[in-house]
Amino acid sequence: MKMRLALIPGDGIGPDIVAEAVKVMGAVGTKFGHKFDYSFYLAGGSALDSVGVPLPESTLLGCQDAEAVLLGAVGGPKWDHLAGEQRPEKALLGLRGGLGLFCNLRPALLYEQLSDACPLRKDLIAGGLDIMVVRELTGGIYFGERGRNEHGDTAFDTMAYSIPEIERIARMAFEIAMKRNKKLMSVDKANILETSRLWRSVVNSMASEYPEVEVDHMYVDNAAMQLVRNPRQFDVIVTENMFGDILSDEASMITGSIGMLPSASLRSDSFGMYEPIHGSAPDIAGKDLANPIATILSVAMMLRYTFTLSEEADAIEQAVGKVLDEGWRTGDIMSEGMKQVGTKEMGSLIARNI
Ligand code: NAD
């Protein structure tokens, strides 16, 4: 199979970790007889420095022309003084909006080999953790009408959702639940918010199309509490944009290692943008210290969701597991008795195990 990819290394550790993902794709290509065609694009601070905007039109057009996008990370202290449209992070919103990516998948997976990194009590995570947060990405309060009154002393943000917007994200979540353990938790605030009441009724009306999926509802405040009280009760969580922003960060942090977690932003066709959940880690950029695993696992998600190559995706995930089993660690996940390696060596070890 030939795959046409847009690569956006971005800023900070972005180029370090994307280089390792490319190494692993090379190994996948050799083993399974695939060809990856890469086009590199600028976004974030590096784009500001070269062409004066965080998201050049050529980047958006290049991504639109690709089958999938792999992004490192954007931002850093060099551009922190910039405001509004000039901020590097604007590139992310521009890409999500411009590419129509309404569904964000954030797996929170606790590797048994790294269970010491989990801040929760051992009995709460016995048997590991594997939660998938499905977050609506292009609606709700982050995209609603906002403003200030004429004196500037009162501000408002508006949350709005339409039935089609809820249906398309709920459908994604039901489909993912069907491929996993057929358990779906819809999170809302239906005791207070009208958008949540609509959300809940749409999810309930779709449940009859997926009779095998066990659907439950939970208020967002309770969900935040239950995630640390008994995280193993969750399998797939679906929720709106802002709740998903907060809960997906909480879910990922209970796994204890930000350098390990991938994400996917999808729409209804096979196109997707894949990226690690962490930022550009400017403190360790270019020092061969970054953990490339989140980006490498983002490649696995890309193979699974965009190209439906599950054997190849499994091969990457198993290679990561094997390297961890053998005791290899980057600095961020290092513990006593393990063997510390840099970014490049970690990438090479995983590539060799494909
Ligand atoms: P961060 O995720 O970059 O770093 C937080 C801490 O985790 C740092 O100590 C960092 O060294 C460490 N870390 C992160 N990724 C790591 C990895 N792969 N391996 C080893 N250690 C890792 O978050 P931050 O410090 O809040 O943000 C830094 C910059 O990144 C900011 O400009 C921020 O706006 C940007 N950011 C970008 C994205 C994105 O591109 N998607 C996401 C979050 C933050």
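Residues numbered from 1 in each chain as written. Predicted model: local features only at pLDDT ≥ 70, side-chain atom pairs only at ≥ 80, totals over all residues. Heavy atoms only, no water.

Asks: Looking at this model, I keep getting lost on helix α11 (residues 343–352). Mind explaining?
Replies: The periodicity of an α-helix, 3.6 residues per turn, causes residues three or four places apart in sequence to face the same way. Counted residue by residue, α11 has seven buried out of 10 residues, so it is predominantly covered. All of the buried residues along α11 are T343, M346, G347, S348, L349, I350 and A351. Tucked into the core, α11 has its buried residues touching α1 (14–32), α9 (293–305), α10 (310–325) and β13 (328–329). (Buried < 20%, exposed > 50% of the residue type's maximum accessible area, 1.4 Å probe, protein only. Helix = DSSP H or I, 4+ residues; strand = E, 2+ residues; numbered from the N terminus. Contact = heavy atoms within 4.5 Å.)

Asks: For this particular structure, what's the right way to read empty space enclosed by the protein?
Replies: Empty space left among the atoms is revealed by rolling a probe the size of a water molecule over them. By the definition in use, this model includes one cavity of 30 Å³ or more. Taken as a whole, the largest cavity spans an internal volume of roughly 50 Å³. Residue lining of the largest cavity: M159, Y161, V187, D188, T195, S196, W199, E240 and F243, and that is the complete set. Elements with a contribution of two residues or more to the lining of the largest cavity: β8 (183–188) and α6 (194–207). A total of three residues in the lining of the largest cavity trace back to one element, the largest contributor, which is α6. By residue class, the composition of the lining of the largest cavity is five nonpolar, two polar and two charged. (1 Å grid on protein atoms, 1.4 Å probe; cavity = no way out; pocket = protein on both sides within 12 Å on 5 of 7 lines; lining within 4 Å. Points joined across faces, edges and corners; volume = space filled by probe spheres on them. Nonpolar A, V, L, I, M, F, W, Y, C, P; charged D, E, K, R; others polar.)

Asks: Sorry, what's going on with the sheet that holds strand β2 (residues 35–40) here?
Replies: Either a parallel or an antiparallel arrangement is found when strands of a sheet pair, and the pairing is made through backbone hydrogen bonds. Spatially, the 10 strands line up as an open sheet ordered β2-β1-β3-β12-β11-β4-β5-β10-β8-β9, and their pairing is mixed. Each edge of the open sheet carries a strand with a single partner, namely β2 and β9 (214–219). On average, adjacent strands in this sheet sit at an angle of 25 degrees to one another, irrespective of strand direction. Running over the sheet, helix α4 (residues 90–99) touches β1 (2–10), β3 (68–73) and β12 (272–276) and is turned about 155 degrees from β12. On the sheet, α6 packs against β5 (129–136), β8, β9 and β10 (236–239) and is oriented at approximately 170 degrees with respect to β9. (Pairing = 2+ DSSP bridges. Axes fitted to C-alpha atoms, helices over the stretch in contact; angles between N-to-C directions.)

Asks: I would appreciate a short explanation of the side chain of R135 in the present structure.
Replies: Mapped onto the secondary structure, R135 falls in strand β5. Judged by relative accessible area, R135 falls into the buried class, the value being 7%. A polar contact of 2.8 Å, which involves the side chain of R135, links it to the side chain of N241. When sequence neighbours within four positions are dropped, the list of residues in contact with R135 reads F102, C103, N104, Y142, I169, T239, E240, N241, G244 and D245. (Polar contact = N/O pair within 3.5 Å; in protein donor to acceptor, adjacent residues only side chain to side chain.)

Asks: What is the right way to look at the nonpolar core in this model?
Replies: Side chains of nonpolar character tend, in soluble globular proteins, to be buried together. L5, L105, V134, M302, L303, I316 and I350 are the most contacted members of the largest nonpolar core, which totals 64 residues. Counting only domains with at least three residues in this core, you end up with domain 1 (1–118 + 261–354) and domain 2 (121–254). Other than its neighbours up to four places away in sequence, L105 contacts M132, V133, V134, I176, P262, S263, A264, L266, M301 and Y305. Among the nonpolar cores identified, the runner-up in size contains 21 residues, and L110, I125, M218 and I254 belong to it. (Core = buried A, V, L, I, M, F, W, Y, C linked by side-chain atoms within 4.5 Å. Domains from an automatic or database assignment.)

Asks: Could you clarify how one ought to interpret the site of the ligand in this entry?
Replies: The local shell around the ligand holds 20 residues, among which V74, E89, G279, A281 and N291 are the closest. N291 is positioned such that a nitrogen or oxygen atom in its backbone is 2.8 Å from a nitrogen atom of the ligand. (Near = heavy atom within 4 Å.)

Asks: Help me understand the packing of α1 against α10, please; the structure alone is not making it clear to me.
Replies: The packing of two helices is summarised by the inter-axis angle and the distance between the axes. Viewed as axis vectors pointing N to C, α1 and α10 meet at an angle of 130 degrees, and their least axial separation amounts to 11 Å. In this view, α1 runs oblique relative to α10, as classed from their interaxial angle. Regarding α1 and α10, the two cross each other, and that crossing is right-handed. Taking contact as the criterion, the partners of V24, V28 and F32 in α1 are, on α10, E311, E312, A315 and I316. When its residues are assigned to classes, the contact of α1 with α10 shows five nonpolar, no polar and two charged. (Parallel < 35°, antiparallel > 145°, perpendicular 65-115°, else oblique. Left-handed = near helix turned anticlockwise from the far one by under 90°.)

Asks: Would you mind going over the pairing of β5 with me for this structure?
Replies: Working note: regular strand, side chains alternate between the two faces of the sheet. For β5, a buried count of seven out of eight residues is recorded, marking the element as mostly surrounded by other parts of the structure. Bridge analysis of strand β4 (residues 103–110) against β5 gives eight bridges, and the strand direction is antiparallel. If you follow L110 over to β5, its bridge partner there is L129. Strand direction decides the pairing type here: β5 and β10, joined by four bridges, are parallel. The residue of β10 that forms the bridge with R135 is T239.

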